[in-house]
Amino acid sequence: MLKYIIQRIIAAFCTFVVVVVVVFFVLHFMPGEILDLSPKIDRSVRELIMAKYHLNEPLIVQFGYTMRDYLRLDFGYSLKVRPGVPVMNVVLERLPVTIQLNYFSAIVILPFGMIFGILMAVKKDTIFDHISSTIVILLISVPSFVLAALMQYILGFKLEWFPLILEAEPHLTWTKFYSMIMPILALSFGGIASIARTLRAEMAEVLTMDFMMLAKAKGLTYRQTLLRHALRNSCVPLASTFLYLFLGVLSSSLVIEQIFGVPGLSKTMMAAINGHDHWLTMGIVIFYCFIGLFMAILADLSYGVVDPRIRMGGKKDE
Amino acid sequence: MKKRLTRILSVLLIAMLLLTACGGGGNSGSQTSNNQGGNNSSTEDKTNNGGSEDEAPAGDGSGETTEKVLRITFGDTPTTLSPFNNASDYELVNDIHATLYREVYDVETQSKAWLPCLAEGDPVPSDDMLTWTVKMHEGYTFANGDPITANDFAYSFKMLNDPKLANRNITLSDLVNGEAYLAGECAWEDVGFKVLDDYTLQFTFEKDHEPATVRDMRAFFWMGTGVIHQPTFEATLNADGTQSSYGSSVDTLMSSGLYVVTQLIEGQSLVLERRTDGGAPMADIFTPDRVEYTAVSDPNTVVQLFEQGKLSYCVANQDEYANYSGAHFVYTPNNYGIFLNSRTPSVEALKDVNLRLALYWGLDRDNVVPTVYGTAMPSAYLYMPYATMPDPADPDNATIDYHSSPEAQAIRIDGHPATQSGYDPELAKEYMQKAYENNGNQKIAITALYSDYNDKARTWAEAVQSCWNSLFDPNMFELSLQATANATMYEENLARTALKYDICIAGGWYQDPSQAWNNTNWVPDDSIYAYNSQYCIFADDETMYKWNELFEQNALGDYKRNDQGKLENAAKMEEILYNDCSFIPCYSSGNRYFFADGVRPIVEEGDWSLEFYRMQTIFE
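Residues numbered from 1 in each chain as written. Chains lettered and ligands numbered in written order. Predicted model: local features only at pLDDT ≥ 70, side-chain atom pairs only at ≥ 80, totals over all residues. Heavy atoms only, no water.

> Quick rundown of the overall build of chain B? Include the residues and the values.
A count of helices and strands for chain B gives 16 helices and 27 strands. Considering chain B as a whole, with its 620 residues, one finds that 56% of them fall into the buried category. Across chain B, contacts joining residues at least 24 apart in sequence account for 69% of those joining residues at least 6 apart. Summing over all exposed atoms, chain B offers an accessible surface of approximately 24800 Å²; the carbon and sulfur share of this is 47%. (Helix = DSSP H or I, 4+ residues; strand = E, 2+ residues; numbered from the N terminus. Buried < 20%, exposed > 50% of the residue type's maximum accessible area, 1.4 Å probe, protein only. Contact = heavy atoms within 4.5 Å. Areas by Shrake-Rupley, 256 points an atom, 1.4 Å probe, with all protein chains shown as cover.)

So this is what it looks like as structure tokens:
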């Protein structure tokens, strides 16, 4: 097991290095100038700024400087999006609201997704199942930003039940949470539908298996067979979905952020890419890459927990 | 083993989520502060006196709200509030950091003007105009009460131009030894800048780089020269003095202007409050007591907020608002149009000016432009429709409308007067007939490039195509279209080094409406300024040299301080461009504004750079 974990960490590190190298060169090969100074600016000033950031040196030399700094855990300063602010500070200052939003969203997605999935499986081929399946397909098909715009217009603008945009408060308060409800719902619909659909399919299959008959024959109630046997077996394919849902807690949606005025990381990422603020873009990518790889290792390890038949790091059968 | 692993995984997940979710976002994120002295009315005070958002939406016209609150949106919070590195929030940065002179709407002259801010009176030039002395007003203070003196300006100016910091807004190259200092070849003391006493500054310019007028010298003090507070700035420097986080949060700045920042939630909101300590400049010019900026980038959300009474004004460019009354417009200083490659090897007919003039006169801008760009201003002028020039009678203080001047009125395009409409279908057909004959009576078929930037860009290209193809005989002329990547269009097609196009229905040139004749990139090492012109290409070298000669005369030569000569030259330059006809001007893009009841802009039509002078908004 330990050997397996070490192997996975080494593989993750290699992936991490490849991502960093590829992203560095992709960003620097993008068309356009890193310094968008006015063309009328004096040449000496331009050269001064270029020299400070080593922009007048060959790309491979710039890469060397970047890697040297990264090895010292120095991720540099934002050049344009937040001039003079360390890159990691920029990431951290935008992260809390992204996490809050996605955290609440995950809390909504999990129970509702599972409840709908179970009910649809249990009531398979009934009118409830047909209506629910239609809604699920609708929620999966319609992009979240369309739902977000509709909710904002109807619930926020016309009915005035919710604030149109996120409340501008530095910390999470009830007012701020209340203003988060619409973006939370907008982010949740897709996830609920996705989990419900997968769970319905898995559970409907499990319910027809022989061991379910055995469970009933042993004298278990219908509810007990459902929750102890059917649900557990149906959840194996969903294990990774659940874990990546938590990874999604750190990700953010640009369109949802734009519609509801959420100061999340997506806006910063877009501004960094469009503004050729390569240091900041690299910093955000590195952050997400690290978190993603870490979560992938956790997801791999979790399979063994959910399903004891899956062994991690064991030798192949001879 | 299984249970233990489950526990470890669960703990790891929860710990990670909690640690990140509960994080405060660092020091620079979201915070409110009252550490800047001055006014510092707290949020509670605002609520108590009826100024809260819920109780008194801006501009509700109730007349009961004593506090003048301006509520507006921006796309995102400013990248920085430092005057040294901010690239675009000119007004906002100077609301917080005062400069010696500030560009505002002058009620007296009914025009935009640079008025003394921290300065006392006008800058005084020496006889040769190379040395300028500026007297500072005594009695102004930072928000914490520290007096603002010439030494504070000197420190700010030195830090702005510090080669180690390499700030974006460096402003030193025109001063004596400025470039040498930036190159590390001389000391700061050798630069043409001196503090004569506690309230007097002196600037010495290199010959040919000196301001031509008092107005130009006032304009030297733009955003970058905003005065910063030395102890506050030094606290934000990193160990080797190469980076400063000044202006990235409430705690890392100190106001020298009329407004203090009381709240900055990165990416979400910014609140300014007016100082009431009597130590700030321009208190009699700027009107709001409090300005609340909210970051919203979705245009529909902005309009909904406005309709709910939560904004003082908004931009509503959506077509649905085209017929709403009470709209005010601001036009950007870009002249968008169509580039014609008069030297293209692939279409011989484009070398014939008759074809180019046929296309110029054959575009029905007044009908085509509004169908695609509802808020744009159609224009066939090569200089912006609202271009101005210094009034030769009083160049320091007044401007004239360029296109109304006799010099501009006298311009002829192959004998025809230039008009803003620029549409004459019969004339266009005559030119097309000549072009067709010159082409050996062969049909002229051209493929035009257009940008794939968005649907509007495609629709615009199709509208132009439709206009020309329906006007001209299909046996004589036909235009087809080809999309090209917007990101690389300038570098790979339009740039003078590339010129890979026949006709390009995208782009245009930026113009400073106060000197529309100056559309070059000003690269002094190249002897021919036309090579760096945003005009792209001239049909022949003779025309180019002629234009270049006039440009040099205006920018550097005899007419630098001769405003009548400059005006005459500007008109001659525009006439050259019209008759060269390698660019067909079409429109200036614009924004449609609506104001809430109870607030009124100080001008009916907005200015290209200062829009509606938001800090001079009238509260009724």
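> Can you lay out a nonpolar patch on the surface for me, pointing to particular residues and giving the numbers?
Residues and elements named next belong to chain A. Together, F145, V146, L150, Y153, I154, L159, W161, W174, Y178 and V255 give the surface a local cluster of nonpolar side chains, amounting to about 940 Å² of exposed area. Elements supplying a minimum of two residues to the nonpolar patch: α6 (144-158) and α7 (174-206). When residues of the nonpolar patch are assigned to their parent elements, the largest contribution, five residues, is made by α6. The residue W174 is located in helix α7 in this model. (Patch = residues over 30% accessible without salt bridge, like charges linked within 9 Å, V, L, I, M, F, W, Y side chains within 5 Å. Salt bridge = Lys/Arg side-chain N within 4 Å of Asp/Glu carboxyl O.)

> Could you give me a rundown of the pattern of salt bridges, with the residues and numbers involved?
A pair can form between side chains of opposite charge whenever their charged atoms are brought close. Applying the stated criterion across every chain, the model contains 22 salt bridges over all chains. The partner of E266 of chain B in a salt bridge is R82 of chain A, and the shortest N-O contact between them spans 3.1 Å. Residue E266 of chain B is found in the loop between β9 (259-265) and β10 (269-274), and its partner R82 of chain A is found in the loop between α3 (59-71) and α4 (87-122); the two belong to separate chains. Just as E266 of chain B is buried, R82 of chain A falls in that class too. For D95 of chain B, the salt bridge is made with R102 of chain B, and the minimal N-O distance between the two is 2.9 Å.

> So what about the packing of aromatic side chains? Which residues, and what values?
For any pair of aromatic rings, the description rests on two quantities: the centre-to-centre distance and the angle between the ring planes. Residue and element names in this part refer to chain B. In the structure shown here, the tally under the stated rule is 54 aromatic pairs over all chains. Look at F153 and F203: their rings are 6.0 Å apart centre to centre, the planes differ by 80°, and that puts the pair in the edge-to-face class. Taken as a pair, F153 in helix α4 (residues 150-160) and F203 in strand β8 (residues 200-204) lie far apart in primary sequence, 50 residues in all. Plain terms: the ring middles of F472 and F477 are 5.6 Å apart, the flat faces sit at 75° to each other, and that makes the pair edge-to-face. As far as the burial class goes, F472 and F477 line up, both buried. Each residue in the set Y101, F153, F157, Y181, W188, F193, F203, F205, F220 and F221 is aromatic and connected to the rest through ring pairs, giving one cluster. Seen from the ring of Y360, R365 lies directly overhead, with NZ or CZ sitting 4.9 Å from the centre. (Phe/Tyr/Trp six-rings, centres within 6.5 Å; stacked < 30°, edge-to-face > 60°. Lys NZ or Arg CZ within 6 Å of the ring centre and 35° of its normal.)

> I'd like a description of unusual backbone geometry, backed by residues and values.
One non-glycine residue, D125 of chain A, adopts positive backbone phi at about 65°. Relative to the elements of secondary structure, D125 of chain A occurs in the loop between α4 and α5 (127-141). In this model, C581 of chain B sits at a positive phi of 55°, which is unusual for a non-glycine residue. Along the chain, C581 of chain B turns up in the loop between α16 (563-580) and β24 (583-588).

> Report on the side chain of S588 of chain B, specifying residues and quantitative values.
Residue and element names in this part refer to chain B. If you trace the backbone, S588 turns up in strand β24. At 3.4 Å, the side chain of S588 forms a polar contact with the backbone oxygen of N334. Residues contacting S588, with those up to four places away along its chain left out, are Y331, T332, N334, A376, M377, M384 and P385. (Polar contact = N/O pair within 3.5 Å; in protein donor to acceptor, adjacent residues only side chain to side chain.)

> Got a sec to walk through the domain arrangement of chain B? Specific residues and values, please.
Residues and elements named next belong to chain B. Each assigned domain of chain B is listed here: domain 1 (35-45 + 66-297), domain 2 (305-330 + 593-620) and domain 3 (334-588). Just the C-alpha atoms count here: the centres of domain 1 and domain 2 sit 27 Å apart. Contacts between the two partners involve 23 residues from domain 1 and, on the opposite side, 17 residues from domain 2. Ranking the residues of domain 1 by area buried against domain 2 places E91, Y105 and K112 at the top, with a combined share of 33%. Our count for the domain 1 to domain 2 interface comes out at one salt bridge. A salt bridge links K112 to D607, with the shortest nitrogen-to-oxygen separation between them at 3.1 Å. Counting every contact that joins domain 1 to domain 2 gives seven residue pairs in polar contact (both at pLDDT 80 or more). For the side of domain 1 that touches domain 2, the secondary-structure elements that each account for two or more residues are β2 (69-74), α3 (90-96), β3 (101-106) and β11 (290-295). Element by element, the count of residues in the side of domain 1 that touches domain 2 is highest for β2, at five residues. Of the residues assigned to the side of domain 1 that touches domain 2, the class counts are 15 nonpolar, two polar and six charged. (Domains from an automatic or database assignment. Buried area = accessible area lost by both parts, 1.4 Å probe. Nonpolar A, V, L, I, M, F, W, Y, C, P; charged D, E, K, R; others polar.)

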